[in-house]
Amino acid sequence: MDRIRIVGGNKLNGTIPISGAKNAALPLMIAALLTDETLILDNVPRLADVAQLQRILGNHGVDIMSAGKRPGDHEYQGQTLHISAANIVDTTAPYELVSKMRASFWVIAPLLARMKEAKVSLPGGCAIGTRPVDLLIMALEKLGAEISIDGGYAVARAPTGLKGAEIDFPKVTVSGTHVALMAAALAKGTTIITGAACEPEIADVADCLNKMGAKISGAGTSRIVIEGVTKLHGARHTVLPDRIETGTYAMAVAMTGGDVQLEGARPELLQSALDVLVQAGATVTPNNQGIRVARNGAGISPVKVTTSPFPGFPTDLQAQLMALMTSAKGTSQITETIFENRFMHVQELARLGARISLDGETATIEGTSTLRGAPVMATDLRASVSLVIAALAAEGETTVNRVYHLDRGFERLEEKLSACGATIERISG
Ligand code: UD1
């Protein structure tokens, strides 16, 4: 298994290109199941999760062609995928495939909408809390699906097709909103979703669905209206930049000090996180090409932050902010309200010398100036990158084990950081 070795202490200076958003690319690829024509997606990040979803879609009969390099392409540019679900040959998504990536459960929506049936393995437990799918099932049942649970599978049928309905989510759910949106696009009549997630990736998917002929308005707000259509067609869409990758590198610069241009980043996708970085003492300057983040001289100030759905501070940046606060001049507090159990990084950060205590959903972090390198273990995607951030500022050498978690969500992490002066390398095997 690969490991990442980091020797801390270098400032970051230079340019980091921001990749396409994983959390938009995955549902966009799944949306290709809604049409028998080709969906072309540009700026798809090269990530393990994307490759895994390619395998899952392939099992349904989807052909995916990855376009080769074009003149003038930059090595960091995302890939272009041509996705064709002309013939869906299998409406079952088996346990072996779905258990590796939760988001693959979402194929249930387009399969049901287009093929009137789907049998999809329940995703099972997950390291960051129970993460149930009850609200996804509720939304599909509202649209007229009959769903039973059999042998660990959700078996869904809609023999006469889905019908528009009112879906009110009692809790903000990104997965529930994606599923409701995709299913309602091909349902008969009007669907109104209230309590919808407002995350930018939802608006990006709705944008793409509209290019495919869907009639969706209000995506990006908590009330989305969908006029169902009988058929969707092919389209071309560019995946929006990854706000979590952007925030992660911004925190890394705030941690080490230095001055980095985050190329292609869009500030409006993560304003709440940028505001916190400014409070913490970083200088954040949006410009035409992206966002410039710097911290020179001044130390890191402590902050008090609570995660919440968009436009609040994202749970996917909670671990990274905690890493940054381990070096603050004073005591910080971070409260996690989206996922229970999302504090696995605390134990590992402690191995580097961080002083963090937990009380329910709140972590209290006493800043210290003496992080020291150590062997640590990646536990989930965002937790593992928080260890990288801490290691970049720690004295001496850190090895991060189980880096396959990082490869799920961060494209060429070690290349991007070493290009800015970090001492970081992958050790294979
Ligand atoms: C997505 C993101 C993930 C991010 C999360 C919150 C993708 C691929 N993943 O995950 O990176 O951390 O949004 O911004 O886009 N819930 C239920 N019942 C359900 C569904 C969800 O109770 O049927 C709960 C979850 O347990 C959690 C909360 O709702 O406590 C939010 O979950 P949700 O927004 O659905 O997260 P994901 O879509 O899984």
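Just so it is clear, the structure is predicted and the values come from calculations on it, not from any experiment.

Thresholds applied
Residues numbered from 1 in each chain as written. Predicted model: local features only at pLDDT ≥ 70, side-chain atom pairs only at ≥ 80, totals over all residues. Heavy atoms only, no water. Helix = DSSP H or I, 4+ residues; strand = E, 2+ residues; numbered from the N terminus. Buried < 20%, exposed > 50% of the residue type's maximum accessible area, 1.4 Å probe, protein only. Contact = heavy atoms within 4.5 Å. Core = buried A, V, L, I, M, F, W, Y, C linked by side-chain atoms within 4.5 Å. Axes fitted to C-alpha atoms, helices over the stretch in contact; angles between N-to-C directions. Parallel < 35°, antiparallel > 145°, perpendicular 65-115°, else oblique. Salt bridge = Lys/Arg side-chain N within 4 Å of Asp/Glu carboxyl O. Expected span 1.5 Å × (residues − 1). Arc of directions from axis to C-beta. Phe/Tyr/Trp six-rings, centres within 6.5 Å; stacked < 30°, edge-to-face > 60°. Lys NZ or Arg CZ within 6 Å of the ring centre and 35° of its normal. Pairing = 2+ DSSP bridges. Near = heavy atom within 4 Å. Polar contact = N/O pair within 3.5 Å; in protein donor to acceptor, adjacent residues only side chain to side chain. Areas by Shrake-Rupley, 256 points an atom, 1.4 Å probe, with all protein chains shown as cover. Nonpolar A, V, L, I, M, F, W, Y, C, P; charged D, E, K, R; others polar. Domains from an automatic or database assignment.

Participant: How should the environment of A273 be read in this particular structure?
Facilitator: Relative to the helices and strands, A273 is located in helix 9 (residues 271-279). Taking the relative accessible area as the measure of exposure, A273 reaches 1% and is therefore buried. Apart from the residues within four sequence positions on either side, A273 is in contact with F313 and L317.

Participant: Explain the nonpolar core to me, please; I cannot follow it from the model alone.
Facilitator: Side chains of a nonpolar character, in soluble globular proteins, are inclined to be buried together. Judged by nonpolar contacts, the single largest core of 84 residues is most densely connected at F105, L140, L162, L181, L209 and L232. In contact with L209, other than residues within four places in its own chain, are A31, L34, L181, A214, I216 and L232.

Participant: Honestly, the packing of helix 6 (residues 174-185) against helix 7 (residues 200-211) in this entry has me stumped. Any pointers?
Facilitator: A pair of packed helices is characterised by two quantities: the angle between their axes and the separation of those axes. At a minimum axis distance of 10 Å, the contact between helix 6 and helix 7 shows a crossing angle of 10°. The angle between helix 6 and helix 7 falls in the class roughly parallel. Contacts between helix 6 and helix 7 involve V174, T177, H178 and L181 on the former and, on the latter, E201, I202, V205, A206 and L209.

Participant: Explain the pattern of salt bridges here, please?
Facilitator: Note on pairing: side chains with opposite charge can pair once their charged atoms come close. Tallied over the full model, the rule gives 19 salt bridges. Notably, a salt bridge pairs E245 with K416, separated by 2.7 Å at the nearest N-O pair. Of the two residues, E245 is situated in helix 8 (residues 243-256) and K416 in helix 14 (residues 413-418); the sequence distance between them amounts to 171 residues. Residue E245 is classed as buried on the basis of its relative accessible area of 2%. Ionic pairing is found between D407 and R426, a salt bridge with its closest N-O pair at 2.7 Å. With D407 in helix 13 (residues 404-409) and R426 in strand 24 (residues 423-427), this pair connects stretches of sequence that are 19 residues apart. A single salt-bridge network, built from bridges that share partners, covers D2, D407, E414 and R426.

Participant: How do you make sense of helix 2 (residues 48-60) when you look at a structure like this?
Facilitator: For an α-helix, the turn length of 3.6 residues means that residues three or four places apart are oriented alike. The terminal C-alpha atoms of helix 2 lie 19 Å apart, and with 13 residues this matches the ideal 18 Å at 1.5 Å per residue to within 8%. Among all positions of helix 2, only D49, V50, Q52, L53, I56, L57 and H60 are buried. On an axial view of helix 2, the arc spanned by its buried residues comes to 160°, and they lie on one face.

Participant: Help me understand the packing of aromatic side chains in this model?
Facilitator: Remark: the centre distance and the inter-plane angle together describe each pair of aromatic rings, the angle taken between the planes. One pass over the structure, following the stated rule, counts zero aromatic pairs. Stacked on the ring of Y153, the Lys or Arg K119 has its end atom at 5.0 Å from the ring centre.

Participant: Help me understand the sheet that holds strand 4 (residues 63-66) in this model?
Facilitator: The strands making up a sheet are joined through hydrogen bonds of the backbone, oriented either antiparallel or parallel. The four strands are arranged 4-5-3-14 in an open sheet whose pairing can be described as mixed. Two strands lie at the open edges of the sheet, namely strand 4 and strand 14 (235-238), each paired on one side alone. Strand-to-strand twist of the sheet, defined as the mean angle between neighbouring strand axes without regard to direction, takes the value 20°. By the bridge criterion, four bridges tie strand 3 (residues 38-44) to strand 14 in an arrangement that is parallel. Paired with L41 across the two strands is H237, which belongs to strand 14. Contacts from helix 1 (residues 22-31) reach strand 3, strand 4, strand 5 (79-84) and strand 14 within the one sheet, and its direction differs from that of strand 3 by about 170°. Strands in contact with helix 7 are strand 3 and strand 14; relative to strand 14, the strand with the most contacts, it is inclined by about 160°.

Participant: Can you walk me through the pairing of strand 16 (residues 283-287) in this structure?
Facilitator: The side chains of a regular strand alternate between both faces of the sheet. The pairing of strand 16 with strand 17 (residues 290-295) spans five bridges and is antiparallel. The partner of V284 across the bridge, within strand 17, is V293. From the end of strand 16 to the start of strand 17, which pair antiparallel, there are two residues.

Participant: Would you take a moment to explain the site of the ligand for this structure?
Facilitator: Looking at the ligand, there are 19 residues lining it, with D134, L135, S175, D316 and I338 nearest. The separation between an oxygen atom of the ligand and a polar side-chain atom of N23 is 3.0 Å. A distance of 2.7 Å is found between an oxygen atom of the ligand and a backbone nitrogen or oxygen belonging to L135. Alone, the ligand offers 740 Å² of accessible surface; in the complex the protein occludes 89% of this. Looking at the shell around the ligand, the elements with two or more residues in it are helix 5 (134-142) and helix 6. Take the shell around the ligand: its biggest share by element is three residues, from helix 5. Here the residues of the shell around the ligand are counted per class, giving nine nonpolar, four polar and six charged. Counting contributing residues, the shell around the ligand receives three or more from each of domain 1 (3-19 + 241-427) and domain 2 (22-238).

Participant: Looking at this structure, I do not really get helix 9. What am I missing?
Facilitator: For helix 9, every residue scored as buried is listed here: S272, A273, L274, V276 and L277. Summarising the contacts, the buried residues of helix 9 are in contact with helix 8, strand 16, strand 17, strand 18 (304-306) and helix 10 (318-325). Phi turns positive one or two residues past the end of helix 9, at G281, with a value near 115°.

Participant: What exactly am I supposed to notice about the side chain of E414 here?
Facilitator: Of note, E414 is situated in helix 14. Engagement of the side chain of E414 in a polar contact is seen with the side chain of R426, the distance being 2.7 Å. When neighbours within four sequence positions are excluded, E414 is seen to be in contact with I4, I424 and R426.

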